[in-house]
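Here is how the chains run, residue by residue.
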Amino acid sequence: MSTFKDADEVYTYIGGIFERAVKEPSFIEATAGTGLVVRLVQNDPDATMIIDFPGQKVLTGAAAEGAPSTVQLRMSSDNSNRFWQGKLNFTLAMAQRKVKLEGKRSVALKLLPLTGPLFETYKQLLTDAGRADLLLD
């Protein structure tokens, strides 16, 4: 059973942190000229997002369906929650096939070091929303 009750929660919390990431100056600088658009496909619950770094926007659900992307990332919603709390080693998760990355891998992997400062932001987002149940020790 997932920690998220439905796709709307995934869009609110995981989508919410990506909304911040696409506007974060370090991400804007790191993705300038790359055309990096990530399709994030999550399961349990099923949720699809487009993270458009050049356009500085996040599309979710039906709006994300059929939108073009340069990278596709697949993982469970729980693993996404773990990642944004700094509790999932992305490289190890890829080796264990818990995370699947296709497309412009090198560009996407360059963003990993930039995610660390957003971990506390994500945890605060959950805390402010009264979702301490999603926080991991």
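What comes next is a walk through the structure.

Right, let's talk about empty space enclosed by the protein for a bit. The final tally for this structure, using the stated rule, is 1 cavity of 30 Å³ or more. Taken as a whole, the largest cavity holds about 270 Å³ of empty space. What lines the largest cavity is a set of 19 residues, and nearest its centre among them are Phe-18, Leu-73, Phe-90, Ala-108 and Leu-112. Residue assignment for the lining of the largest cavity shows that the elements contributing at least two residues are β1 (37-43), β4 (71-76), α3 (77-83), α5 (105-110) and α6 (112-128). Looking at the lining of the largest cavity, the element that brings in the most residues is β4, giving 3 residues. Of the residues assigned to the lining of the largest cavity, the class counts are 17 nonpolar, 2 polar and no charged.

On to the pairing of strand β3 (residues 57-60). In the sheet, strand β2 (residues 47-52) pairs with β3 via 4 bridges, with the strands oriented antiparallel. From the neighbouring strand, Asp-52 faces β3, where its bridge partner is Lys-57. Where β2 folds back on β3, the antiparallel hairpin that results is connected by 4 residues, among which Gln-56 adopts a positive phi of roughly 50°.

Turning next to the environment of Ala-67. Within the secondary structure layout, Ala-67 lies in the loop between β3 and β4. Here the alpha-carbon distance between Ala-67 and Met-49, two residues 18 residues apart in the chain, equals 9.5 Å. Apart from residues no more than four positions distant in its own chain, Ala-67 is found in contact with Arg-39, Ile-50 and Leu-59.

Below, the discussion takes up the environment of Asp-78. As for its position among the elements, Asp-78 is in helix α3. Counting along the chain gives 35 residues from Asp-78 to Asn-43, while the straight-line C-alpha distance between them is 8.6 Å.

Time to look at the packing of helix α1 (residues 7-21) against α6. Contact pair α1 / α6: the axes reach a minimum separation of 10 Å and the direction vectors enclose 140°. Relative to α6, the element α1 lies oblique. Considering the relative orientation of α1 and α6, their crossing is right-handed. Counted together, Thr-12, Tyr-13, Ile-14, Gly-16, Ile-17, Arg-20 and Ala-21 of α1 and Leu-118, Thr-121, Tyr-122, Leu-125 and Leu-126 of α6 form the full contact between these two elements. The class makeup of the residues in the contact of α1 with α6 is 8 nonpolar, 3 polar and 1 charged.

Parameters and conventions
- Residues numbered from 1 in each chain as written.
- Predicted model: local features only at pLDDT ≥ 70, side-chain atom pairs only at ≥ 80, totals over all residues.
- Heavy atoms only, no water.
- 1 Å grid on protein atoms, 1.4 Å probe; cavity = no way out; pocket = protein on both sides within 12 Å on 5 of 7 lines; lining within 4 Å.
- Points joined across faces, edges and corners; volume = space filled by probe spheres on them.
- Helix = DSSP H or I, 4+ residues; strand = E, 2+ residues; numbered from the N terminus.
- Nonpolar A, V, L, I, M, F, W, Y, C, P; charged D, E, K, R; others polar.
- Pairing = 2+ DSSP bridges.
- Contact = heavy atoms within 4.5 Å.
- Axes fitted to C-alpha atoms, helices over the stretch in contact; angles between N-to-C directions.
- Parallel < 35°, antiparallel > 145°, perpendicular 65-115°, else oblique.
- Left-handed = near helix turned anticlockwise from the far one by under 90°.

Remember that the coordinates give geometry; whether it matters functionally is a separate question.
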